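Residue-level structural notes
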Amino acid sequence: MQLTILGCSGSLAAPGNPASSYVISVPGETDVVMDFGAGALAAMQERFDPAAAHVIFSHLHADHCADFPSLLVWRRYHPTAPASERHRLIGPSYAPEHFGRMSADGPGELDDISDTFEFTAWRAGRPEHLSGLAITPFDVVHPAAESHALRIEDADGKVISFSGDSGFTPTLIDAARDADLFLCEAAWGATSEGKAEGMHLSGQEAGRIAREAGVQTLVLVHIQPWTDPEEVVQAARAEFDGEVVLGTAGATFEL
Ligand SMILES: [Zn+2]
Ligand SMILES: [Zn+2]
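Everything in this summary refers to the structure shown in the same document. (Residues numbered from 1 in each chain as written. Chains lettered and ligands numbered in written order. Predicted model: local features only at pLDDT ≥ 70, side-chain atom pairs only at ≥ 80, totals over all residues. Heavy atoms only, no water.)

**Examining the overall build of the protein chain**
Helices and strands together make up the secondary structure of the protein chain, namely seven helices and 14 strands. Here the C-alpha atoms of the protein chain give a radius of gyration of 17 Å, agreeing with the 18 Å that 2.2 N^0.38 yields for 255 residues. Projected onto the principal axes, the alpha-carbon positions of the protein chain cover approximately 50 × 40 × 35 Å. Looking at the protein chain as a whole, 55% of its 255 residues qualify as buried. Here the protein chain displays about 10400 Å² of accessible surface, and carbon together with sulfur accounts for 49% of that area. With 15 positive and 37 negative side-chain charges, the protein chain shows a separation of 4 Å between the mean positions of the two kinds. (Helix = DSSP H or I, 4+ residues; strand = E, 2+ residues; numbered from the N terminus. Rg over C-alpha atoms; globule rule 2.2 N^0.38 Å. Buried < 20%, exposed > 50% of the residue type's maximum accessible area, 1.4 Å probe, protein only. Areas by Shrake-Rupley, 256 points an atom, 1.4 Å probe, with all protein chains shown as cover. Lys, Arg positive; Asp, Glu negative; His and termini not counted. Charge placed at Lys NZ, Arg CZ, Asp CG, Glu CD.)

The structure is reproduced here in structure tokens:
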């Protein structure tokens with residue numbers, strides 16, 4: 001499988017780097033988009049067909065889903081290449097209501113998105129199967145209701161693990177166990193000292209999780225535009241001997 005970073009800017013989009021959004025491609029299968037923050041749809045148009053992808057969400061903070069109403073417009077109203085079928089949408093149980101409100105014409109109204117997406121709610125520990133992948137959600141620690149880390153395994157046993165947004169929890173070590181590639185947020189910069197609990201990770205914690213989980217490659221993401229990314233990378237490297245990569249918009253990883 002191939003992973004493409006559409007954007008990985010933390011908490012909000014940055015110049016040249018959309019907020020969190022990733023595409024997982026399996027040859028011969030429909031692409032899977034994971035999170036869809038601000039700027040994701042523009043980035044997606046460069047390399048992928050926005051009307052032909054399943055969409056999965058780690059959680060529904062705006063920086064992970066703000067471009068979804070625009071995706072609905074593309075899928076429904078593109079004059080020559082709208083969505084030709086319903087695709088899967090998998091996320092927190094309240095996703096249809098959340099997006100229905102974001103895409104509504106007025107207060108108290110809900111846009112019914114079931115014309116273009118078939119929705120399934122995550123259940124922690126229960127894998128969902130799509131595009132030749134088994135995707136298992138793990139409950140993590142974050143203020144957004146129903147926040148998940150996602151473990152994605154292909155038919156060859158290759159594993160991508162995505163932390164989503166989370167404070168430190170041993171669950172992340174389970175979610176990342178022996179992963180080939182671990183996409184881990186590091187919103188707190190080099191260290192979590194003095195930061196709110198139960199919200200985000202630091203580069204140091206990302207490195208610790210990568211080490212304890214025995215992952216192959218750690219990709220640091222969700223770093224905010226006001227943070228020096230090199231400090232975050234150094235903090236992760238101090239904890240983890242394996243490969244540490246700074247996530248960048250447009251980067252691709254072959255597994
Ligand atoms: Zn976030
Ligand atoms: Zn969040």
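**What to know about the pairing of strand 3 (residues 31–36)**
For strand 3, the tally of buried residues reaches six of six residues, placing the bulk of the element in the interior. Relative to strand 3, strand 2 (residues 21–25) is paired through four bridges, and the arrangement is antiparallel. Within the sheet, the bridge partner assigned to Tyr22 lies in strand 3 and is Met34. In sequence, strand 2 turns back onto strand 3 through a hairpin of five residues, with Gly28 there showing a positive phi of about 80°. Between strand 3 and its parallel partner strand 4 (residues 53–56), the chain crosses via helix 1 (residues 40–47), and the hand of that crossover is right-handed. (Pairing = 2+ DSSP bridges. Right-handed = clockwise from strand over helix to strand, strands pointing away.)

**Re the coordination of the zinc ion (ligand 2)**
Here the zinc ion (ligand 2) is held by the protein donor atoms His59 (NE2), His61 (ND1), His142 (NE2) and Asp165 (OD), which lie 2.1 to 2.4 Å from it. In this structure, the zinc ion (ligand 2) is coordinated by four donor atoms arranged in irregular fashion, with angles at the metal of 85 to 164°. Sequence positions of the donors to the zinc ion (ligand 2) reduce to the motif H-x1-H-x80-H-x22-D. Between the two metal centres, the zinc ion (ligand 2) and the zinc ion (ligand 1), the spacing is 3.4 Å, with Asp165 acting as a shared donor. (Donors = N, O, S within 2.8 Å, 3.2 Å for Na, K, Ca; no water. Tetrahedral: all angles 85-135°; square planar, octahedral: opposite > 155°, others 65-115°.)

**Quick word on the coordination of the zinc ion (ligand 1)**
The coordination sphere of the zinc ion (ligand 1) contains the protein donors Asp63 (OD), His64 (NE2), Asp165 (OD) and His222 (NE2), at a distance range of 2.0 to 2.2 Å. Coordination at the zinc ion (ligand 1) comes from four donor atoms whose angles at the metal span 88 to 165°, giving a geometry best classed as irregular.

**Some thoughts on the nonpolar core**
Across soluble globular proteins, nonpolar side chains have a tendency to be buried as a group. Within the largest apolar cluster, 26 residues are counted, with the highest numbers of intra-cluster contacts made by Phe182, Val215, Leu218, Leu220 and Val244. Where this core is concerned, the elements lending two or more residues are helix 5 (170–176), strand 11 (181–185), helix 6 (203–213), strand 12 (217–221) and helix 7 (229–237). Aside from chain neighbours lying at most four places away, what touches Leu220 is Cys184, Ala186, Ala206, Val232, Val233, Ala236, Val244, Val245, Leu246 and Gly247. Within the second largest apolar cluster, 25 residues are counted, among which are Ile5, Cys8, Tyr22 and Leu133. (Core = buried A, V, L, I, M, F, W, Y, C linked by side-chain atoms within 4.5 Å. Contact = heavy atoms within 4.5 Å.)

**Structural notes on the layout of surface pockets**
Roughly 180 Å³ of internal volume is contained in the largest pocket. Lining of the largest pocket is provided by 16 residues; of these, Asn17, Ile223, Gln224, Pro229 and Gly247 occupy positions nearest its centre. The residue makeup of the lining of the largest pocket, split by class, is nine nonpolar, seven polar and no charged. (1 Å grid on protein atoms, 1.4 Å probe; cavity = no way out; pocket = protein on both sides within 12 Å on 5 of 7 lines; lining within 4 Å. Points joined across faces, edges and corners; volume = space filled by probe spheres on them. Nonpolar A, V, L, I, M, F, W, Y, C, P; charged D, E, K, R; others polar.)

**Re helix 3 (residues 68–77)**
Of all the residues in helix 3, the buried ones are Phe68, Pro69, Leu71, Leu72 and Arg75. The arc that holds the buried residues of helix 3, viewed along the axis, is 150°, so those residues lie on one side. (Arc of directions from axis to C-beta.)

**Describing the packing of aromatic side chains**
For the structure on display, the rule yields five aromatic pairs. With 5.1 Å between their ring centres and 45° between their planes, Phe57 and Phe99 make a pair best called tilted. Separated by 42 residues along the polypeptide, Phe57 in the loop between strand 4 and helix 2 (62–65) and Phe99 in helix 4 (residues 95–102) bring together distant segments of the chain. This pair shows no difference in class: Phe57 is buried, exactly as Phe99 is. The residue whose ring lies beneath Arg75 is Phe117, and the NZ or CZ to ring-centre distance is 4.1 Å. (Phe/Tyr/Trp six-rings, centres within 6.5 Å; stacked < 30°, edge-to-face > 60°. Lys NZ or Arg CZ within 6 Å of the ring centre and 35° of its normal.)

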